[in-house]
Each structure stands twice: as C-alpha cells, then as structure tokens.
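Now for the letters of each chain:
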Amino acid sequence: MTTYITTPIYYVNAQPHLGHAYTTIVADAYSRYRRLTGDTVRFQTGTDEHGDKIAEAAAKEDVPPKVYADRISALFRETWPLLDIQPDHFIRTTDAQHVAVVQSILQQVHASGDIYFDEYSGLYCRGCERFLTEKELVDGLCPDHQVPPQEIAEQNYFFRMSRYQERLIRHIHDNPEFITPERYRNEVLSFLSEPLEDLCISRPKSRLTWGIELPFDSGFVTYVWFDALINYLTGIGYPDGVDFERYWSVAEHVIAKDILKPHAIYWPTMLMSMGLPLYRRLHVHGYWNVDDTKMSKSIGNVVRPAQLVEEYGVDTLRYFTLREMSFGLDASFNRDAIIARKNSDLANDIGNLFSRSVAMLQKYTAGLVPSPDSSGDAVLQQAVEQMLPIYREAMDGFQFHRALQAVWEVISQANKYIVTNEPWVLAKDPTRAIRLHTVLYNLAECLRLLTMVLRPIMPGAAAKMARGLGLDPDHELVSSLAGCGRWGLLPVGTELQPTASLFPRVEKEKTGESQPAAGKKKAETKAETTTAANVLTFDQFQNVDLRVAEIIVAEKIKKSEKLLQLTVLVPEQRTIVAGIGEYYTPQQLVGKQVLVVANMKPATLMGIESQGMVLAARTMVDGKERLVLATVSDEIPAGSKVA
Ligand code: ME8
C-alpha cells in the first residue's frame, strides 16, 4: 500500500509556533505509523510565500519579498529536524516548477470556460486572504481575526465553483471518510446547503505584484488559494511525474479548522474542473490555545517549538501534543501540564517499567533474554493482543490520544505484573527459576512490542528502548508491525544493553515558573530560626521524604575514590551521588534496596546532579571510619515511604 500525507504550506509572515509544530508532528507520526505497517510513504510539508501578507511583512523589514521568504522558509525547514520530523519533500510556492504548473493549470481551466472575468464587490479579510459572506461575520468582524473586513470592489477573474456544488455534496455523502472528524463534515455540508458563490482567483497588479502572473492576462496575479492548494500536486511532480501516478489517488491532507473551507470546498471543486480525482481524506484538527487563551503575537503568548524541545526534550513534546489534544477539538497548552505528563506518563510509567525490567534481567539472567515456559501465564500477551487492534484503528483514524491510552493500559498492566509476580522473591528460590524466567521473558517481549508502537510517536525514545533490548533501532523486530507485530518473537538469548534513563524527571523549579511566593518563603525562614537546632518537631520530621530506593545501576565516578553514581528507583528513576565508594564496589550495590531522603534540594557533585541522599550508619572498625548502608529487612516495592 502507499500513503501520501501533507501538511498545509505555512505562510512565511510568521515564525514556526506550537500550532504549526502540532500539524507537522501529526503528519510525521502518521507517516512513521504507515511505514511501520509496511506502506511506501510520501510526506510533504512546505511554505506558502506569495500574497499581501508576505509582501507587507517584507516591506516592513525593507527587503525584497523573495529575500524575506527565503529567510522565514529556512526557519521552518530548520525547525522540523529538531522535532524529529522527517518530511520527504519540502515545497515552496516560489519554486520555478510550482509556478510553471500553476500557470498551466490556470490556462487549462480558463480554456475550459471555468474561469471568467467580472466586476465584484465584497467583504475581504486580509488575514484569511479571502472574501467572507455576511453570514460568516460575528458582530461585523471576521471571527478568526477579530477585525472588520474591507469592502472591496474591483474587476477580477473568477472560478466557477458553483458549477460543482451538487457533485461535491454527493461526493461527501458517498464518502463518509472524506472529511473527518464528523463535526467538520457536517459543517461543510451545512455551508453547502446554501448556494455557493464563485471564487475570486486574481488580484490586479496595481494592488499586488507578489504572486504568480495569470498566463492569459499579464495585468493580474493569482489569488493565494489557486496558487497554494496546487502545491499538493506540484510537490509530487504533476502532471507526468511517477510520484504523481503513485501517490495522488491516496492523498490525505492534515489541516486545522481555520482553513477548512479552502480545503473542503475550493480544492475539490478545482480538482473536478481539472478532471482529476479528489484527495482521499481531509483530517481537521482544532486550535492549540495557551493557558486557555488564543496564541497570538500581540498577547505575547506564542509558544516556540524549538524552546520546548530545549526545555523538555523532543520525545516529551511529541508525546504531550499527541496525547493531550483530542484530534478535532481545541486543546490548551501550559507548562504544568507538560511537566505532569513527563513525570507521570513518561518517567514513572514507561521509563520506570523499562528500567526496572532491564535491571532485573541484568541481575537475574545475566542480561540475556531467558527462555519462557510455554505453559506459563499469558497476562501480558493478552494485554498486548487486546491493545494492538485498538491502537491500529485509532492511528488509522487520527485518534492519537486513544491510541496512546490503549498503549498506556498495557504499560500499567506490565507495572502491575511486576508487583504481583515479585521477581525478586522468585529469584531467591532456585526451584522457581522457570517461573522467574517466564515472568522476565514476558516483560522483555512486552517491551519489544511497546517499543514498536511507540516508534511513530517518540522515535528517539523508541530507538533507545530498542538498543536497551539489544536490537538495532531499525531491526524488523521493532520496526515492522506487519511482519513482527505478534507475541513471542524476541529471540531467547538476546543480550540486553545498559541504557541511560529514558525520561529524567523535570522539577517545576527548573522552568523558573514555580518559585514559592515571597510570603511563604519568609514564613519558612522564621520557622527555621525559632526552632532549636537539635530538636525536631513532628511537622519537621514529616517534611523529610524518606523512601525505599532500589539501586539499578552503580558506577564509579572518574577521578573520585569516594563517590559513586547510583541510578535508583523511588519508584521513578533518579540519579544519586553517594560517598560510599571506599566501602562498597558497584557490583555489590546493584539490586540492593536502601533508604534515601527523596526531597533533598538537588546538588551537583563532580558535575553530576544528585537528586537525593542515601542513608548509612557510621561506625569505627580498627580505628577507621566505616559506612554501612541503611536498608529494609524484606524486599518491598521501590518507592515505599518510610514512616
Ligand atoms: O493558512 N493551533 O498558513 P498558516 C493549531 N498558507 N494549529 C495551528 C494553529 C493553532 N493555534 N495556528 C496555526 C495558511 N496552525 C496557508 C495554508 S495550504 C494549501 C495553505 C497550523 O501559516 C494549522 O495547521 O496560517 C493551520 O491550518 C495552519 O497552521 C495555518 O498556517
């Protein structure tokens, strides 16, 4: 099968923001998902560079429009790799091939009688780059741009859109998937229940020169949509490129609701006039708001994707946007929400599952995938087998949040599976080795299939997980849902590899946003100074977060005899630097459960941030000091609170 997925081509009058990033992440995740299922995929994005808005922005900076367009277009192109977005083609409407094809299409449609010259007056919104009908206005203003449209009367060329109205209505009725989600299909059908006006497709050069000249009248340039929409064809080599042959019949467009009408009405009618088949599906999403307010330059709340990547990491940004927005509805971005998702869904749930499982495989089966008992339990197998069809249906239908909910259901079952089966207890009883091996095999195989389904969403984390499981990130066992999406394929004896933490936690303070209020700080200082130094109140003791931590990795720190770097689970993963290097070797520590203070202010030691403190008793042996780690008498779940 083949897939052709596109994003809108973005105007170069503004820099990339979270809204552009979201649409492009969606298209990227979908294209990676289709590749996982075995499809040959073409994914296209690009920039829309002609028109009033761009000419105006360039004039403001006193540079020619092309110079300005080159600069902003490059910004978009350079932003996508930072987000692990890998388009196959980046189209610009100033590309010579695009310009030539737009002109030849205009010539063809004009010759067929579908373009005519007329006098027109109407209400024009510069923001939308189109005429609005009276009905669309809210209190006399454009609902999207909150400005009154301009009354414009001039002679122009028009496309006979009205001629195709009935055919379009029929097509939408006959193809329920043509516009999704359904609310937008209904919106389009409701709009089409009124007579459709023809579409103005030109601007006189006296008013705008920055556009593509009409081939049949050099006094005019085409008006933005007749230029922009055609990018979906020129980008695949229309009219006679092989990619056009291969991809056009399966085209799918992703847009936000702001440009529904041009994509659901102008574009299909243009294709009808050109005698071409219509695209297969149009996927329409809602808006990202920031703290419930529309993102806008004037409010100053525009969120830049590159900055988010720097603060939270690319996988977190991709996961957050796809998980948080129900495709079709609006969603709200705020920093607390992204931190909460990172710490809970990523660090705690998947990060923890991965590091605990790999640590146990390292400890109990020497880092090799063990052989399971074929009559062992099928708890995780069933969980994965239930999830896969839901995941596939949701991904096919652009319901990314539903796909991820189904995946997280498996992650949560796998974490429970560890607690229920207590591999550390099984490991103490040599007669239960087969059971231990079955439990550990099931965890490893579950992680392989999780790696596969997370690959389109978080390609970087999935690659790390694959390596941890001892597989090349492009190995078919983690990259082919079609060939290897079945339970039980991870070869026994596969050698796991040590991996760094998948998702280190983010502390709110680091973002500089959640500093305690000045008043609160003062009160705390007062309490500190009025309490005698060696007497602890109950409240003060309660403030110490003592926990049981499981050491999963222990390493020497270069140039230090005393310090060891410990990776522990409390239950989320942390790094703690401990001064016990003279008393313990790293090998003695892995697998040990120790007591830690989990709410210490992070401190940097030998360049490593230590997020907690390990407790040890101090004693003297033969006149020399010795530290003995404080631990618990029975193995219990990591993270248990010490009361
Ligand atoms: O309309 N939330 O370009 P554009 C979600 N050049 N998505 C958003 C968003 C938000 N707040 N803001 C923007 C154009 N987007 C034309 C398109 S296509 C042939 C020509 C995303 O730069 C979303 O995909 O205004 C929206 O449809 C698009 O950016 C508009 O980009």
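Residues numbered from 1 in each chain as written. Predicted model: local features only at pLDDT ≥ 70, side-chain atom pairs only at ≥ 80, totals over all residues. Heavy atoms only, no water.

The next point concerns the sheet that holds strand β20 (residues 593-597). The 5 strands are arranged β19-β18-β17-β20-β23 in an open sheet whose pairing can be described as antiparallel. Two strands bound the open sheet, and with one partner strand each, they are β19 (573-578) and β23 (613-614). With 5 bridges connecting them, strand β17 (residues 546-556) and β20 associate as antiparallel partners. In the sheet register, R547 faces β20, and the bridge partner there is V596. Sheet strands in contact with helix α13 (residues 335-364) are β17, β18 (564-569) and β19, and its direction is about 115° off that of β18. (Pairing = 2+ DSSP bridges. Helix = DSSP H or I, 4+ residues; strand = E, 2+ residues; numbered from the N terminus. Contact = heavy atoms within 4.5 Å. Axes fitted to C-alpha atoms, helices over the stretch in contact; angles between N-to-C directions.)

Contacts to the ligand come from 23 residues, most closely from I9, T23, D48, D258 and W288. Between the ligand and the protein, one listed contact pairs an oxygen atom with a backbone N or O atom of A256 at 3.0 Å. Here a nitrogen atom of the ligand sits 2.9 Å away from a polar atom, N or O, in the main chain of W288. In the complex, 92% of the free accessible area of the ligand, which totals 670 Å², lies under the protein chains. When residues of the shell around the ligand are traced back to their parent elements, those giving at least two are β1 (2-11), α1 (18-36), α7 (224-228) and α8 (231-234). With 4 residues, β1 is the largest single contributor of residues to the shell around the ligand. Residues belonging to the shell around the ligand are distributed by class as follows: 13 nonpolar, 8 polar and 2 charged. (Near = heavy atom within 4 Å. Polar contact = N/O pair within 3.5 Å; in protein donor to acceptor, adjacent residues only side chain to side chain. Areas by Shrake-Rupley, 256 points an atom, 1.4 Å probe, with all protein chains shown as cover. Nonpolar A, V, L, I, M, F, W, Y, C, P; charged D, E, K, R; others polar.)

Taken in spatial order, the 6 strands of this open sheet run β3-β2-β1-β12-β13-β7, and their pairing is parallel. Edge positions in the open sheet fall to β3 (89-92) and β7 (179-180), since each of these has one partner strand only. The sheet contact formed by strand β12 (residues 251-256) and strand β13 (residues 281-285) spans 5 bridges and is parallel. What sits directly across from E252, in β13, is R281. Relative to the sheet, α1 contacts β1, β2 (40-48), β12 and β13, its axis offset from that of β1 by approximately 170°.

With that settled, the discussion passes to the domain arrangement of the protein chain. Parsing the protein chain into structural domains produces domain 1 (2-285), domain 2 (310-484) and domain 3 (544-629). When each unit is reduced to the centre of its C-alpha atoms, the spacing between domain 1 and domain 2 is 39 Å. With both chains or domains summed, domain 1 and domain 2 bury close to 2,400 Å², and 68% of this area falls on carbon and sulfur atoms. When the buried area of domain 1 at its contact with domain 2 is split by residue, Y22, Y33 and L36 rank highest and sum to 31% of it. For the interface between domain 1 and domain 2, the tally reads 3 salt bridges. Note that D330 is salt-bridged to K257, the shortest N-O span being 2.9 Å. Here domain 1 is connected to domain 2 by 10 residue pairs in polar contact (both at pLDDT 80 or more). Elements with a minimum of two residues in the side of domain 1 that touches domain 2: α1, α6 (182-191), β12 and β13. (Domains from an automatic or database assignment. Buried area = accessible area lost by both parts, 1.4 Å probe. Salt bridge = Lys/Arg side-chain N within 4 Å of Asp/Glu carboxyl O.)

Core analysis: the biggest nonpolar cluster contains 176 residues, and I179, L233, W248, W267, Y391, W408 and L443 have the highest contact counts within it. Counting the residues that make up this core, at least three belong to each of domain 1 (2-285) and domain 2 (310-484). Those residues in contact with W408, other than ones at most four positions away along the chain, are Y319, D345, L346, D349, I350, L454 and M458. If you look at the next biggest cluster of nonpolar residues, it comprises 18 residues, including I580, Y584, L627 and L629. (Core = buried A, V, L, I, M, F, W, Y, C linked by side-chain atoms within 4.5 Å. Buried < 20%, exposed > 50% of the residue type's maximum accessible area, 1.4 Å probe, protein only.)

Turning next to empty space enclosed by the protein. Across all of its chains, the model carries 1 cavity of 30 Å³ or more by this definition. Quantified by volume, the largest cavity comes out at close to 60 Å³. Lining the largest cavity, in full, are H50, G51, D52, Y124, E129, R203, L208, W210, T222, Y223 and V224. Split into classes, the residues belonging to the lining of the largest cavity amount to 5 nonpolar, 3 polar and 3 charged. (1 Å grid on protein atoms, 1.4 Å probe; cavity = no way out; pocket = protein on both sides within 12 Å on 5 of 7 lines; lining within 4 Å. Points joined across faces, edges and corners; volume = space filled by probe spheres on them.)

Moving on, we come to the pairing of strand β4 (residues 115-125). Note: β4 against strand β6 (residues 150-159), 10 bridges, orientation antiparallel. Within β6, the position partnered with G122 by the bridge is I152. Of the pairings in the sheet, the one linking β4 to strand β5 (residues 130-132) comprises 3 bridges and is antiparallel in character. Residue pairing in the sheet places Y124 in a bridge with F131 of β5. Where β4 hands over to β5, the hairpin turn is made up of 4 residues, of which E129 adopts a positive phi near 55°.

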